[in-house]
Amino acid sequence: MSATASHLREPLVLGSPSLHDITEQVLAPMERKPSMLWYAVTAATGLVALSGIATISWQLYEGIGTWGLNKTIGWGFDITNFVFWIGIGHAGTLISAILFLFRQKWRTSINRSAEAMTLFAVLCAAMFPLIHMGRPWFGAVWFVPYPNLRGPLWTNFRSPLVWDMFAISTYFTISAVFWFIGLIPDLATVRDRAKTKLRRTIYGTLSLGWSGSNKHWSHYETVYMCLAGLSTPLVLSVHTIVSTDFATSVIPGWHTTIFPPYFVAGAIFSGFAMVMTLLIIARKVLQIEHLITIKHLENMCLIITATGMMVGLAYATEFLMAWYSGSNYEGFTFVNRATGPMSWAYWIMVSCNVISPQVFWFKKMRTSIPVMFVMSIVVNIGMWFERFVIIVTSLHRDYLPSSWAMYSPTWVEYMTLLGSFGIFFTLFLLFTRVLPTIAIAEVKAVSGWAQKPAHGHADGSARAEAGAHAHAAADHDASALAKEPEAVHA
Amino acid sequence: MSAHAPSGPAPQPDFHLPAPIRNAALACAVLGAAAFGYGVMSEAWRGWSNGLISAYYFVSIGVGAAFVLAVMHVTKAGWGIVVRRVPEALATWLPLGLVTLGAVTYFGMHHLYEWSNAETVAHDHLLQHKQPLLNPAAFFGGMVFMIGGWAALVFAMRRHSIAQDTDGDEKHTHANVRLGGIFLVFFGLTITFGALQWLMSTEPHWFSTMFGVYQFAGAHVAASAVIVLFTIGLQRGGFLPNVNDNHLHDLGKMMFAFSTFWAYIWVMQYLLIWYANIPEETGHYLARWEPDWVKLWGLNAVLNFVVPFFVLLPRPNKRNPKVLVPVACTIVVGHWLDIYLQVMPATAHLAHHGSPETVSHGPYLGVPELGAFLMVGGLFVVVVGSMLGRASLLPGRDPYLMESLAHDQ
Amino acid sequence: MHDAAPQAPRSFLVGVFDDEHAILAVTRAIAAAGLPIHDCFTPYAVHGLERAQGLPRSKLTFVCFGGGAIGFLTAVALQTYTQGIETSFLSGWPLNVGGKPFIPNTAFVPVCFELTVLFAGLSAAAGLLLFCGLLPGRQPKLLVDGVTDDKFAIALDTAAPGFDEAKARALMAAHHAVEVSYIAEAA
């Protein structure tokens, strides 16, 4: 396969590691004792997570009166955080499914951790509608018929919030299944290397008896393709349905038809930024910089720039149509966004999401780790504010000026937001310890791709050449043999 | 079906648009022009509406092909090198597309666009409000700028691509990555305005922020279908010896994926407007739910989504020319219907202003419809066919060529 | 650990190779020579090996499609039954929300889509485990050392009709097998 790659391609794996090297290098972090740094960082994020959980417990006990919401602004931090976290998750699915369908080989180094990130982000997201219910233990009533005098009353399937419940739970389930299926061959690799009985038992159980059989691979590849094909429209549908939570209403700033694709683009945009934040740290700490190369990060920068411009285009289209429609309410809402009392949030959003990603037009910027790291955080700040702008600034100026209000979040809301970050990072750090952070089997499949004989490594190129000769000889034998039966028939 | 790398491309025969096809296409164009002229004479609004539908139809295919081409360059899609000359030629329709679209909208303006009528505008404060965008100067200036810009970038990409055939210089590949990127940004910025001015403003009171995306989706799926038809046609004639089932498979997947994307946009635009039920927005759908239009409205989704989706779902069908051709034809017809449904109910309403009972005398399907389509379509085939013959159908010295030849799935 | 199986475990002639080109070539050669191939074992999915080995296309796409169809019908039934039918057992009574129809096809699209995907994905995954006999606690029947790391192996059933040890060994050697040995299936 490597023979057909154009010489313009850059190898996906640097330093021509052998297949065994890849196994060693990916599994090293989970086979050695964690470093002090890992303990320190995990302890810190764990503490933040615990304080978030404590805050949530307090608000469950006391009620959501502890939040700064009022009758005009009924959705604030809670739904902002929900949409933010769901959006973060989308990049994982994009990398694992959409880039797979587009045969983007570079995805193999990053899909595992991006999918893990998806699952943790969806968990964080799902938390917010639950706590917003105030008494989540009644949440079960959502789905069983509610008994009353006239007979059972079912949930209203015409409500986008019910669609949301279906979308989020389907998304989580399918992402988890996709992720686990991807893990099976790698878990078998861990099993076969395990030194202790405990490890062998745990990973032996998890790997379900995988033997690398090609009959299994054949089914496996088919299912992987099916799941990628299903996840692609699924990921579009999830943020589409989240966007309908707003767009089916008649609130100016919420009701606009471009919301579905615009939300999806924004989700991918923020998700890629989060993948970048995590991977820039992870590749350094786990010493896998030759597997997650600058090229991978550069590609992500390009996707961030492209989706950032789509988001910018959507902002512009909304403004254009608010004017074009000639509707007073639409016009007011958008002018108010840019110049009203909450315009600071709007301008943070525009500068973080539309203006700043333009630095990636320059190769120097999109190959500089510090620039990328700062940008990845800037983009996520911008995308959090995007949801805040959509939700809060659209609500705070009602049709009735007498109900106009302002919103000031309380410490409970701040702590819950912070806590969700703590939960997310803690889960991710634990993941790097117990599971292979890179899809070993998939990286092996592409590791030979576009590899050039390196001038500096005489042994490497000699090995490659020797191999090539061997194949040529073997191919010759094979073709000679293949001709035999034909000769018999003739 | 071996995974062995091929040693090089099969020899590429020269292609010239066969005279019978060229003459047939020219005859279609002439007969179509006569029928179009008859349409304009007998029922002016209907004639001009069909002019707009057909002219915009082929512009959308040209720009959709340009989009496919730009994406191929930007993503460095190795598989597609052997078919790249097809979208490259299709996109060269754009200059004539500008001429045809400009001509029909210029001469038919008052039959197509309510806002072009000064007296109507004087009594309509909404149309006055929209005048900065909806006036002839902005309309034609914008059209020249937008389609002219698309065409300039398309020809620049094509020039580099063809120059590489002789000098084999990789700088052309790099230049096309940059040009493709510029095209995508420019296209993203302009398609919203184009869709708004040329199509959406046939109903100048109606608005939908999704409309640009909707037109993009339609253009892309239709262009994919036309690429499939041309590729299979050329392959059948022996002019694309390096294209095999694996490349058709990818084209089939592209058609499948973007037909689904079109359906997504179609459903969501409808769902949101249906759900909010605001009178400013619902008028668009109410007009298409008139008893005479509603069947076509449903048929639109069948042709553009249901048929391609279910037929192309099984893998073997995406690789089989005998299946791909009918599906591509379905989409080609479906895309025409999609634009027809945008324009006709609106212009019919404008023509029968004040007498709603005459509005629902649609659908109008007859000689003027066919004539306008054949007129522009015949020209389209002649132009694209001769552009295909201007350069080798194989970008023989493209650095990614080997990847395309070895493409296997 | 398990009780002994009624018949003796099968024995396989296993050739081990160092890279994917070798396994592809040797598999093609063995298939062309007419020897029955039991299976190949690789650390990753080797492109083209399933064709070399002569495996049929996986039928799991049909399982996936069937699951999706069932999911779609479930969603349609669930929504119409609970929203629009008043008389039957446990069905809800129609509730006017925002003047929308009781059975609005448009508003049912999202849930129909989600359940289609959910059922299709879960049935494809379940089908995979079922087709391959992968279950928690299962041990591989035939596990060649190193195939989950960097080795590529081909196994020939010694009891299969047409098995020819000399021919097989010669082909494996010609393709630079790093090891050729007999391995018995785990009980």
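All values reported here derive from a predicted model rather than from experimental measurement.

**Topic: the overall build of chain B**
Across its full length, chain B holds 16 helices and 0 strands. In terms of its C-alpha atoms, chain B occupies a principal-axis envelope of roughly 70 × 40 × 40 Å. Counting over 409 residues, chain B shows a buried share of 60%. A fraction of 83% describes how many contacts in chain B between residues 6 or more apart in sequence connect residues 24 or more apart. By element, 68% of the accessible surface of chain B is carried by carbon and sulfur atoms, the whole surface being about 14700 Å². Distance between charge centres in chain B, computed from 20 positive and 23 negative side chains, equals 12 Å.

**Re a nonpolar patch on the surface**
Taken together, the side chains of Leu 299, Val 302, Val 306 and Phe 310 of chain B together with Phe 65 of chain C make up a nonpolar region of the molecular surface, amounting to roughly 410 Å² of accessible area. A total of 4 residues in the nonpolar patch trace back to one element, the largest contributor, which is helix α12 (residues 291–312) of chain B. Its place among the elements puts Val 302 of chain B in helix α12. On the accessibility criterion, Val 302 of chain B (33% relative accessible area) is partly exposed.

**So, the side chain of Ser 58 of chain C**
Mapped onto the elements, Ser 58 of chain C comes out in the loop between α2 (49–52) and α3 (60–84). Reaching out from Ser 58 of chain C, the side chain makes a polar contact with the backbone nitrogen of Leu 60 of chain C at a distance of 3.2 Å. What Ser 58 of chain C contacts, discounting residues up to four positions off in sequence, is Ser 218, His 219 and Thr 222 of chain A.

**Description of the pattern of salt bridges**
It is possible for side chains bearing opposite charge to pair when their charged atoms get close. The full count for this structure, using the stated rule, is 25 salt bridges over all chains. A salt bridge links Glu 24 of chain A to Arg 193 of chain A, with the shortest nitrogen-to-oxygen separation between them at 3.1 Å. A residue pair is termed long-range when its members are at least 10 positions apart, and Glu 24 of chain A in helix α1 (residues 19–31) and Arg 193 of chain A in helix α5 (residues 160–193) qualify at 169 residues. Arg 193 of chain A gets classed as buried once you look at its relative accessible area, which sits at 17%. Taken together, the salt bridges that share partners define one network made up of Arg 84, Arg 85, Glu 88, Asp 165 and Asp 398 of chain B.

**What about the interface of chain B and chain C?**
Listed by partner, the interface residues are 13 residues for chain B and 12 residues for chain C. Regarding the contact of chain B and chain C, the summed buried area is about 1100 Å², with carbon and sulfur atoms giving 61% of it. Scanning the region where chain B abuts chain C turns up 0 salt bridges. Counting across the chain B and chain C interface gives 1 residue pair in polar contact (both at pLDDT 80 or more). Across the side of chain B that touches chain C, the residue classes tally to 8 nonpolar, 3 polar and 2 charged.

**Some thoughts on the pairing of strand β3 (residues 152–157) of chain C**
Regular strands have side chains that alternate between both faces of the sheet. Residues and elements named next belong to chain C. Among the 6 residues in β3, 6 count as buried, and that is most of the element. In this sheet, β3 lies alongside strand β1 (residues 11–17) in antiparallel orientation, the contact comprising 6 bridges. Bridged to Leu 13 within β3 is Leu 156. Across 3 bridges, the pairing between strand β2 (residues 39–41) and β3 is antiparallel. Across the sheet, residue Cys 40 finds its bridge partner in β3, namely Ile 154.

**Digging into the sheet that holds strand β4 (residues 179–184) of chain C**
Strands belonging to one sheet form pairs held by backbone hydrogen bonds; the direction of such a pair is parallel or antiparallel. All names here are of chain C. In space, the 4 strands of this open sheet follow the order β2-β3-β1-β4, with antiparallel pairing throughout. The sheet is open, and its two borders are formed by β2 and β4, each paired with just one other strand. Averaged over all neighbouring strand pairs, the angle between strand axes comes to 25°, with direction disregarded. The strands touched by helix α5 (residues 165–174) within the sheet are β1, β3 and β4, with β1 carrying the most contacts at an inclination of about 15°.

**A look at the packing of α1 of chain A against helix α15 (residues 440–447) of chain A**
Residues and elements named next belong to chain A. With their axes 10 Å apart at the nearest point, α1 and α15 run at an angle of 145° to one another. For the pair α1 and α15, the crossing hand works out as right-handed. In this structure, α1 uses Leu 19, Ile 22, Thr 23, Val 26 and Leu 27 to contact α15, whose residues at the interface are Ile 440, Val 443, Lys 444 and Ser 447. Of the residues assigned to the contact of α1 with α15, the class counts are 6 nonpolar, 2 polar and 1 charged.

**Considering the packing of aromatic side chains**
This model, assessed by the stated rule, comprises 87 aromatic pairs over all chains. Seen from their ring centres, Phe 77 of chain A and Trp 384 of chain A are 5.1 Å apart, and the 80° between their planes marks the pair as edge-to-face. Here Phe 77 of chain A is found in helix α3 (residues 77–101), whereas its partner Trp 384 of chain A is found in helix α13 (residues 369–396), with 307 residues between them in sequence. Residue classification places Phe 77 of chain A among the buried positions, given a relative accessible area of 4%. Ring geometry for Phe 84 of chain A against Phe 421 of chain A: centres 5.9 Å apart, planes inclined by 45°, an arrangement best described as tilted. With Phe 84 of chain A in helix α3 and Phe 421 of chain A in helix α14 (residues 411–434), this pair connects stretches of sequence that are 337 residues apart. According to the relative accessible area criterion, Phe 84 of chain A is buried, its value standing at 2%. Here the aromatic cluster, defined as three or more aromatic residues joined through ring pairs, consists of Tyr 56, Phe 67, Trp 150, Phe 183, Phe 187, Trp 198, Phe 216, Phe 258, Phe 261 and Tyr 264 of chain B.

**Brief notes about the packing of helix α11 (residues 279–288) of chain B against α12 of chain B**
Two measures define how a pair of helices packs: the angle their axes make with one another and the distance between the axes. Residue and element names in this part refer to chain B. Packing of α11 against α12 leaves a shortest axis separation of 6 Å and a crossing angle of 100°. Put simply, α11 runs roughly perpendicular to α12. In contact with Tyr 285, Ala 287 and Arg 288 of α11, α12 contributes Trp 293, Val 294 and Trp 297. Across the contact of α11 with α12, the residue classes tally to 5 nonpolar, no polar and 1 charged.

**As for the nonpolar core**
Formed by 321 residues in total, the largest nonpolar core has its most connected members in Trp 85, Phe 272 and Phe 424 of chain A, Trp 150, Phe 183 and Trp 198 of chain B together with Ile 154 of chain C. The element contributing the most residues to this core is helix α10 (residues 245–276) of chain B, with 19 residues. Shared between two domains, this core takes at least three residues from each, and those domains are domain 1 (11–43 + 146–184) and domain 2 (60–132) of chain C. Each residue touching Trp 198 of chain B, except ones within four places of it in the same chain, is listed here: Leu 52, Tyr 56, Leu 101, Tyr 113, Phe 139, Met 143, Met 146, Ile 147 and Trp 150 of chain B.

**Details of the environment of Thr 393 of chain A**
Residues and elements named next belong to chain A. Counting through the fold element by element, Thr 393 comes out in helix α13. Other than its neighbours up to four places away in sequence, Thr 393 contacts Asn 336, Arg 337, Met 342 and Phe 388. Within polar-contact distance, the side chain of Thr 393 engages the backbone oxygen of Val 389 at 2.4 Å.

**A few points about the interface of chain C and chain A**
Listed as interface residues are 76 residues of chain C and, on the opposing side, 66 residues of chain A. At the boundary of chain C and chain A, one finds 1 salt bridge. Between Asp 149 of chain C and Lys 444 of chain A there is a salt bridge, and its shortest N-O distance comes to 4.0 Å. Counting across the interface, chain C meets chain A through 22 residue pairs in polar contact (both at pLDDT 80 or more).

**Notes on the environment of Leu 161 of chain A**
Secondary-structure assignment places Leu 161 of chain A in helix α5. Residues within four places of Leu 161 of chain A in sequence aside, it is in contact with Trp 75 and Asp 245 of chain A.

**Considerations on the confidence of the model for chain B**
In this model, chain B carries a mean pLDDT of 90, and residues with pLDDT of at least 70 account for 97%. Interface confidence in the predicted complex, given as ipTM, is 0.90; pTM for the same model is 0.90.

Calculation rules
Residues numbered from 1 in each chain as written. Chains lettered and ligands numbered in written order. Predicted model: local features only at pLDDT ≥ 70, side-chain atom pairs only at ≥ 80, totals over all residues. Heavy atoms only, no water. Helix = DSSP H or I, 4+ residues; strand = E, 2+ residues; numbered from the N terminus. Buried < 20%, exposed > 50% of the residue type's maximum accessible area, 1.4 Å probe, protein only. Contact = heavy atoms within 4.5 Å. Areas by Shrake-Rupley, 256 points an atom, 1.4 Å probe, with all protein chains shown as cover. Lys, Arg positive; Asp, Glu negative; His and termini not counted. Charge placed at Lys NZ, Arg CZ, Asp CG, Glu CD. Patch = residues over 30% accessible without salt bridge, like charges linked within 9 Å, V, L, I, M, F, W, Y side chains within 5 Å. Salt bridge = Lys/Arg side-chain N within 4 Å of Asp/Glu carboxyl O. Polar contact = N/O pair within 3.5 Å; in protein donor to acceptor, adjacent residues only side chain to side chain. Buried area = accessible area lost by both parts, 1.4 Å probe. Nonpolar A, V, L, I, M, F, W, Y, C, P; charged D, E, K, R; others polar. Pairing = 2+ DSSP bridges. Axes fitted to C-alpha atoms, helices over the stretch in contact; angles between N-to-C directions. Left-handed = near helix turned anticlockwise from the far one by under 90°. Phe/Tyr/Trp six-rings, centres within 6.5 Å; stacked < 30°, edge-to-face > 60°. Parallel < 35°, antiparallel > 145°, perpendicular 65-115°, else oblique. Core = buried A, V, L, I, M, F, W, Y, C linked by side-chain atoms within 4.5 Å. Domains from an automatic or database assignment. pLDDT = per-residue confidence, 0-100.

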